[in-house]
Amino acid sequence: MSFHEIKPEELQFNPFTKIGKEWMLVTAGTQEKWNTMTASWGGVGVFWGKDAVTVYIRPQRYTKEFMDREETFSIAFFREDYRKALNLCGSVSGREVDKQKETGLTPYFVDGTPAFEEADLIITCKKMFHQDMKEGTFDQPENDAKWYPQKDYHVMYIAEILKVLVKD
């Protein structure tokens, strides 16, 4: 399988569908050790004059350790026939389960940043900013009660888009 690079402004997708309904894998680490997780919250746009993505990760997620340690990460999107793999990556921890073995996904490294050969779209990113969500900062307090009953607030990461690769 091969990919070709396009410019971020050439992306042709609805982010509400692509992220919110089809989901994505957020992957960080090195060629020696990495982890991935499924996410359905995020965004694409412009931040500080750069094409950017935003992802949100709860503190207990194993992938967060890799996100905090590494400078880059990837988000990857898949065809519907990979839904079972995405379900698994969102429901078990890489601390206890070998997600590569269980899903059959093949690591694919873009300038050292982990992603997957089976993806249709890979976006590699370089962190620019992160911020912990905190109690008392919700403009709509009902969202705190609804989404964070255990007070395990997400960390928001904003990252510059380095490369966009689409499957040939």
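Further up the page is the structure itself.
Described below are features of the structure shown in this document. Starting afresh in each chain, residues are numbered from 1 along the sequence in its written order. Reporting in this predicted model follows two pLDDT cut-offs: at least 70 for local features of residues, and 80 or more for side-chain atom pairs to be given and counted; totals over whole chains, interfaces and linings ignore these cut-offs and use all residues. Side-chain numbers come from the whole structure's heavy atoms, not from hydrogens or water.

Details of helix 3 (residues 83–91)
Thought 1: Note on classification: 1.4 Å probe, protein chains only; a residue is buried when its accessible area is under 20% of the maximum for its type, exposed when over 50%, partly exposed between these limits. Helical segments are the DSSP runs of H or I of at least four residues, strand segments are the runs of E of at least two, and each set is numbered from the N terminus. Those residues of helix 3 that fall on the buried side of the exposure criterion are Arg83, Ala85, Leu86 and Cys89. What you see down the axis of helix 3 is that its buried residues fit within an arc of 160 degrees, all on one side. Exposed side of helix 3, more than 90 degrees from the buried face: Lys84 and Ser91 are the residues found there.
Thought 2: In this analysis, two residues are considered to be in contact whenever any of their non-hydrogen atoms come within 4.5 Å of each other. Each element contacted by the buried residues of helix 3 is listed here: strand 2 (24–29), strand 3 (34–39) and helix 4 (99–103). The arc refers to the directions leading from the helix axis to the C-beta atoms.

A word on the environment of Asp168
Thought 1: Note that Asp168 resides in the segment after strand 10 (155–167).
Thought 2: Note: C-alpha distance between Asp168 and Glu5 (163 residues apart in sequence) is 9.7 Å.
Thought 3: Beyond its immediate stretch of four places on either side in the chain, Asp168 contacts Ser2, Phe3 and His4.
Thought 4: Side chain to side chain, Asp168 and Ser2 meet in a polar contact 2.5 Å long. Polar contacts, as used here, are pairs of N or O atoms within 3.5 Å; protein pairs need one atom able to donate a hydrogen and one able to accept it. Residues neighboring in sequence count only if both atoms are side-chain atoms.

So, helix 2 (residues 62–69)
Thought 1: Inspection of helix 2 places Tyr62, Thr63, Lys64, Phe66 and Met67 among the buried residues, and these make up the whole buried set.
Thought 2: Elements in contact with the buried residues of helix 2: strand 2, strand 3, strand 5 (50–57), strand 6 (72–77), strand 9 (121–132) and strand 10.

Notes on the pattern of salt bridges
Thought 1: Here, a salt bridge means any side-chain nitrogen of Lys or Arg that lies within 4 Å of a carboxyl oxygen of Asp or Glu. Under the definition given, this model contains 13 salt bridges.
Thought 2: A salt bridge links Arg83 to Glu80; its shortest N-O distance comes to 3.1 Å.
Thought 3: Its relative accessible area of 19% is what places Arg83 among the buried residues.
Thought 4: Salt bridges sharing common partners tie together Arg79, Asp81 and Asp120.

Quick look at the packing of aromatic side chains
Thought 1: Here is the rule: rings of Phe, Tyr and Trp (six-membered ring for Trp) pair when centre to centre is within 6.5 Å. Planes less than 30 degrees apart are stacked, more than 60 are edge-to-face, and the remainder are tilted. This structure, assessed with the given rule, holds 13 aromatic pairs.
Thought 2: Relative to Trp147, the ring of Trp41 lies with its centre 5.1 Å away and its plane at 80 degrees, an arrangement referred to as edge-to-face. Taken together, the residues Trp41 in the loop between strand 3 and strand 4 (42–47) and Trp147 in helix 5 (residues 141–147) connect sequence positions 106 residues apart.
Thought 3: In this structure Trp41 comes out as partly exposed when scored by relative accessible area, which is 30%.
Thought 4: With a relative accessible area of 36%, Trp147 lands in the partly exposed category.
Thought 5: Measuring from centroid to centroid gives 5.0 Å for Tyr62 and Phe66, while their planes differ by 85 degrees, and the two rings are edge-to-face. With a gap of 4 residues between them, Tyr62 and Phe66 both fall in helix 2, about one helical turn apart.

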